[in-house]
Structure formats: structure tokens, C-alpha cells
Amino acid sequence: MQLIHTERLLLRPFSVEDADFIFDVYSRWDVQRYLGAVPGVMASIDEALDRITAWHGLDDGVHGVWAVTEADSGKLLGSLLLKFIPASGTNLAAEPAGDTEIGWHFHPDARGKGCASEAASAVLRHAFAHGLQKIVAVTNPDNHASQRVCERIGMLHHGISEAYYNARCELFVASAARSEPSMSGV
Ligand SMILES: CC(C)(COP(=O)(O)OP(=O)(O)OC[C@H]1O[C@@H](n2cnc3c(N)ncnc32)[C@H](O)[C@@H]1OP(=O)(O)O)[C@@H](O)C(=O)NCCC(=O)NCCS
């Protein structure tokens, strides 16, 4: 997995040493409430370890899940995902659609500082630099914080879509053809 550097951040692979942080993030309803058709919180450190193994399996040199850390201190802030997105009407676990999605999950203490947008913008640039042509993001219609991240990094709002996850979501799209993420300087 490629390390990604930004002005304030280092994006790196997760390791088993990060399990406590992952559990701290994903065991919170505040983090999970908008995720998936039937949201639920992580219940154990074992689930966090399984999550790390699953994320490592997504790493193909372009796609993957990064640990977002402060560049100077190494402090963990959240996760940044670039993965194939499941199409509605399929076995969500087994049959990804052709499209790639970008996503972000941050610890509550790490929010309100632009770090999610800074990390997401860098991952978008990484995706386009590796030849991906189209990146989508889907959010729960009530998840305005996530929709703001989509807008801050220059994704276009395509309205409500039911194309993915067997769910009704706000769809945002970024295209390589107009890949000038609004935060290209960060
Ligand atoms: C979605 C989520 C990552 C957004 O986090 P966030 O902290 O609001 O996003 P950012 O890091 O981009 O921060 C934006 C804030 O930082 C501010 N900011 C932007 N650039 C900044 C900078 N360089 N320095 C300081 N602050 C900055 C912005 O003004 C904004 O604050 P405001 O919303 O009060 O105006 C977060 O709410 C989260 O993890 N939610 C739970 C998981 C989730 O729902 N994920 C999305 C699933 S679709």
C-alpha cells in the first residue's frame, strides 16, 4: 500500500497495534449511525482485528483502507477507504459493482479541523494518478457532515440514488476528466 503524505497527515496501512483505536471508533453509535442499511456498533476487539484483516485484503496497490495519522505525532485520527462498491440487488459481500467508492470515518476528537477533507482529497488524487476514471461516494441523506466533505473535495452531487448497497443514498461523483479536487493544495 502506498504511503500518502499531505501537509498535516500521513496515511499508512493499519496494523494489529491499531485494533484498540479501531474499536474505539467503530464501537460508537455517533460513528456508525449513518453506515450501512442496518447500522450497528462494533462489539469486540476481535471484530477490530477481523476488520484489519479484511482491509488488508482490499489492498491491490490502488484500492485499500488507510489509517489517517498526524504526520508529526503519529496520532491516529480515522480511516480513509478506497474500495469497490457493491451494486444494489447483488450479494453485497460478494459482488462488487465496477465502480470504486471513497469513504471516511473519523474519531469524534479528530473532527472539525479539515483532516477528513485533507485526507480524502489526497486519496482522490492518488486514485486518478493510478488511472481510475470515476470515484463515487454515497452518504445517508441525513449525513450532512459527510456530504460537506464530498463538496469540499470537489465531488459533484448527483442527487438521490438507489444504485448501491440496496439503500437510498445521496450520490456524489468525481471524474478524472475534471480531476481538479478543490483542495488540491492540501
Ligand atoms: C464525515 C466526517 C469524516 C466529517 O468530519 P469533519 O471533521 O466534519 O470533516 P473535516 O475534517 O473535513 O472538517 C471540516 C471542518 O473543519 C474545518 N476545516 C476545514 N479545513 C480546515 C483547516 N485547514 N484547518 C482547520 N479547520 C479546517 C471546516 O471549516 C469544517 O468545520 P465546519 O463544518 O464547522 O465548518 C465525520 O463526521 C465522521 O467521521 N462521521 C462518522 C462516520 C461517517 O458518517 N462517515 C461518512 C460515511 S458516508
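What counts, and where the lines are drawn
Residues numbered from 1 in each chain as written. Predicted model: local features only at pLDDT ≥ 70, side-chain atom pairs only at ≥ 80, totals over all residues. Heavy atoms only, no water. Salt bridge = Lys/Arg side-chain N within 4 Å of Asp/Glu carboxyl O. Helix = DSSP H or I, 4+ residues; strand = E, 2+ residues; numbered from the N terminus. Buried < 20%, exposed > 50% of the residue type's maximum accessible area, 1.4 Å probe, protein only. Patch = residues over 30% accessible without salt bridge, like charges linked within 9 Å, V, L, I, M, F, W, Y side chains within 5 Å. Areas by Shrake-Rupley, 256 points an atom, 1.4 Å probe, with all protein chains shown as cover. Core = buried A, V, L, I, M, F, W, Y, C linked by side-chain atoms within 4.5 Å. Contact = heavy atoms within 4.5 Å. Arc of directions from axis to C-beta. Near = heavy atom within 4 Å. Polar contact = N/O pair within 3.5 Å; in protein donor to acceptor, adjacent residues only side chain to side chain. Nonpolar A, V, L, I, M, F, W, Y, C, P; charged D, E, K, R; others polar.

*Asks:* Looking at this model, I keep getting lost on the pattern of salt bridges. Mind explaining?
*Replies:* A side chain with one charge can pair with a side chain of the opposite charge if their charged atoms come near. According to the stated counting rule, one finds 8 salt bridges in the structure shown. Note that Glu-118 is salt-bridged to Arg-8, the shortest N-O span being 2.7 Å. Of this pair, Glu-118 sits in helix α4 (residues 115-129) while Arg-8 is found in the loop between β1 (4-5) and β2 (9-13), placing the two residues 110 residues apart along the sequence. One salt bridge connects Asp-30 with Arg-111, and the closest N-O pair in it is separated by 2.9 Å. Of this pair, Asp-30 sits in helix α2 (residues 29-32) while Arg-111 sits in the loop between β5 (96-106) and α4, and the two are 81 residues apart along the sequence. Judged by its relative accessible area of 34%, Asp-30 is partly exposed. Among the ionic contacts, a cluster of salt bridges with common partners joins Asp-30, Arg-33 and Arg-111.

*Asks:* I keep staring at a nonpolar patch on the surface and nothing clicks. Help me out?
*Replies:* Residues Val-16, Ile-45 and Leu-49 make up a contiguous nonpolar surface patch of roughly 210 Å² in combined accessible area. Looking at where Ile-45 falls in the secondary structure, it is placed in helix α3 (residues 45-57). In this structure Ile-45 comes out as partly exposed when scored by relative accessible area, which is 31%.

*Asks:* Which parts of the structure should I look at to understand the nonpolar core?
*Replies:* One recurring pattern in soluble globular proteins is that nonpolar side chains are buried together. Core analysis: the biggest nonpolar cluster contains 31 residues, and Leu-11, Leu-80, Ile-102, Trp-104, Phe-106 and Met-155 have the highest contact counts within it. Broken down by secondary-structure element, the contributors of at least two residues to this core are β2, β3 (64-70), β4 (76-86), β5, α4, β6 (134-139), α5 (144-152) and β8 (169-175). A per-element tally of this core places α4 first, with 9 residues. What Phe-106 contacts, discounting residues up to four positions off in sequence, is Val-31, Val-68, Leu-77, Gly-78, Ser-79, Leu-80, Arg-111, Cys-115, Ala-116 and Ala-119. Ranked by size, the runner-up nonpolar core spans 15 residues in total, among them Phe-14, Phe-21, Ile-52 and Leu-81.

*Asks:* I tried to follow helix α1 (residues 19-26) on my own but got confused; where do I start?
*Replies:* One turn of the α-helix equals 3.6 residues, which is why residues spaced by three or four share an orientation. Among the residues of α1, those classed as buried are Ala-19, Phe-21, Ile-22, Val-25 and Tyr-26. With its buried residues spanning 160° around the axis, α1 presents them on a single face.

*Asks:* Where do I start with the site of the ligand in this structure?
*Replies:* Around the ligand sit 20 residues in total, of which Trp-104, Phe-106, Gly-112, Ala-116 and Ser-117 are the nearest. Between Gly-114 and the ligand, the recorded distance is 2.8 Å, taken from a backbone N or O atom to an oxygen atom. For the ligand, whose unbound accessible area comes to 960 Å², protein coverage reaches 68%. The dominant element in the shell around the ligand, judged by the number of residues it contributes, is α5, at 4 residues. The residue inventory of the shell around the ligand, partitioned by class, reads 9 nonpolar, 7 polar and 4 charged.

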